[in-house]
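# Working through the structure, step by step
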Amino acid sequence: MSLRVEAVPCLQDNYLWLLRDNPTGAVAICDPGEAAPAIAAVEGAGGRLDAILLTHHHGDHVDGVEELKARFPGARVIGGAPDLHRLPPLDEAVKEGDTVSLGAARAEVMHLPGHTTGHIAFHFVADHVLLCGDVIFALGCGRPLEPGGMEALWQSLRRVARLPPSTRLCCGHEYTESNARFALSVDPDNQALRAEAEAAGALRAAGRPTVPTTLAQELAANPFLRARDLAEFTARREAKNHFR
Ligand code: ZN
Ligand code: FE
């Protein structure tokens, strides 16, 4: 694997992602909700920025784009064609099945609607990396916010579930501890879940991110991936909204 990924905390509980293709030194930032941490991360990686990848249009994922692009004008801003009207100005509008290059690394674009209708993910197939924004989190998943979202999100999670289990899921938020509390209320006897919840607590106590998680971990512990059908998924997703 030649693609390095690093979670960079920003805003309240967001992560933007720093990606570096080691053979070529090409660097990308995914979902800069805030410019300053993105700029610092790029400077720390050598001061070169090739691409800015956007999973969806929400402010906590795009509000840093303008300033980041102004600082690194050569960076290509890449986002989903269906959301052209509500994303920052794009240099490349992409859709399901398109390929995005970062140096020698290649990402396949997946359209994964549900949280928003235009949500996309970048799947670096050879590197087993999925930049998944707000589709799936460690022990949780995004909230369906637009019409048809519940069923669309369920179908999107089905697609994620079929990727190689070693896939690293690079999620947009640090929600793991609160997700773990809900997950344990649904599935209290799941040993993999108990272990992941404990590991998350230790990582957070040490001030470290709990992500990326792996698909294998989530298949074993995530109550939304483990739902048997749309009805069970819907019930869990709705219960989570009211869980304290
Ligand atoms: Zn979002
Ligand atoms: Fe978000």
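Residues numbered from 1 in each chain as written. Chains lettered and ligands numbered in written order. Predicted model: local features only at pLDDT ≥ 70, side-chain atom pairs only at ≥ 80, totals over all residues. Heavy atoms only, no water.

## What to know about the coordination of the iron ion (ligand 2)
All of the protein donors around the iron ion (ligand 2) are Asp60 (OD), His61 (NE2), Asp134 (OD) and His173 (NE2); their distances to the metal are 2.1 to 2.3 Å. Here the iron ion (ligand 2) binds four donor atoms, and the angle range of 83 to 168° at the metal identifies the geometry as irregular. Along the chain, the residues donating to the iron ion (ligand 2) fall in the pattern D-H-x72-D-x38-H. Between the two metal centres, the iron ion (ligand 2) and the zinc ion (ligand 1), the spacing is 3.1 Å, with Asp134 acting as a shared donor. A residue pair is termed long-range when its members are at least 10 positions apart, and His61 in helix 2 (residues 59-62) and His173 in the loop between strand 13 (168-171) and helix 5 (176-186) qualify at 112 residues. Assessed through its relative accessible area of 0%, His61 is described here as buried. Relative accessible area serves as the criterion here: at 5%, His173 is assigned to the buried category. (Donors = N, O, S within 2.8 Å, 3.2 Å for Na, K, Ca; no water. Tetrahedral: all angles 85-135°; square planar, octahedral: opposite > 155°, others 65-115°. Helix = DSSP H or I, 4+ residues; strand = E, 2+ residues; numbered from the N terminus. Buried < 20%, exposed > 50% of the residue type's maximum accessible area, 1.4 Å probe, protein only.)

## Re the sheet that holds strand 4 (residues 51-53)
One open sheet holds the six strands; their spatial order is 1-2-3-4-5-6, and the pairing between them is mixed. Two strands close off the open sheet at either side, each with one partner strand: strand 1 (3-10) and strand 6 (92-94). Along the sheet, successive strands turn relative to each other by an average axial angle of 25°, direction set aside. Sheet topology note: the strand 2 (residues 14-21)/strand 3 (residues 26-30) ladder contains five bridges and is antiparallel. Directly across from Trp17, in strand 3, lies its bridge partner Cys30. (Pairing = 2+ DSSP bridges. Axes fitted to C-alpha atoms, helices over the stretch in contact; angles between N-to-C directions.)

## Description of the side chain of Glu218
Looking at the element boundaries, Glu218 is found in helix 7 (residues 215-221). An unpaired buried charge is present at Glu218: no salt bridge exists, and Arg226, the closest side chain of opposite charge, is 9.5 Å distant. Separated by 2.7 Å, the side chain of Glu218 and the backbone nitrogen of Leu139 make a polar contact. In this structure, Glu218 is in contact with Phe137, Ala138, Leu139, Leu169, Glu196, Thr213, Leu225 and Arg226, ignoring residues within four places of it in sequence. (Lys, Arg positive; Asp, Glu negative; His and termini not counted. Salt bridge = Lys/Arg side-chain N within 4 Å of Asp/Glu carboxyl O. Polar contact = N/O pair within 3.5 Å; in protein donor to acceptor, adjacent residues only side chain to side chain. Contact = heavy atoms within 4.5 Å.)

## Structural notes on the coordination of the zinc ion (ligand 1)
Each pair of donors in an ideal octahedron of six around a metal sits at 90 or 180 degrees, and each pair in an ideal tetrahedron of four sits at 109.5 degrees. Around the zinc ion (ligand 1), the protein supplies His56 (NE2), His58 (ND1), His115 (NE2) and Asp134 (OD) as donor atoms, at distances of 2.2 to 2.3 Å. Each of the four donor atoms bound to the zinc ion (ligand 1) contributes to angles spanning 85 to 176°, and the resulting shape is irregular. Counting the intervening residues between successive donors of the zinc ion (ligand 1) yields the motif H-x1-H-x56-H-x18-D.

## Some points on the packing of aromatic side chains
For the coordinates displayed, the defined rule picks out six aromatic pairs. Ring plane angle 55° and centroid distance 6.3 Å describe the contact between Tyr15 and Trp17, whose orientation is recorded as tilted. For Tyr15, a relative accessible area of 3% puts it in the buried group. Residue Trp17 is classed as buried on the basis of its relative accessible area, which comes to 1%. The aromatic ring of Phe72 is capped on one face by Arg71, whose charged end is 4.6 Å from the ring centroid. (Phe/Tyr/Trp six-rings, centres within 6.5 Å; stacked < 30°, edge-to-face > 60°. Lys NZ or Arg CZ within 6 Å of the ring centre and 35° of its normal.)

## Here we look at unusual backbone geometry
Residue Pro212 is bonded to the preceding Val211 through a cis peptide linkage, with omega at 5°. Topologically, Pro212 is positioned in the loop between helix 6 (191-205) and strand 14 (213-214). You will see that His128, though not glycine, has its phi angle at about 55°, which is positive. Note that His128 resides in the loop between strand 9 (120-124) and strand 10 (129-133). For His128, a relative accessible area of 26% puts it in the partly exposed group.

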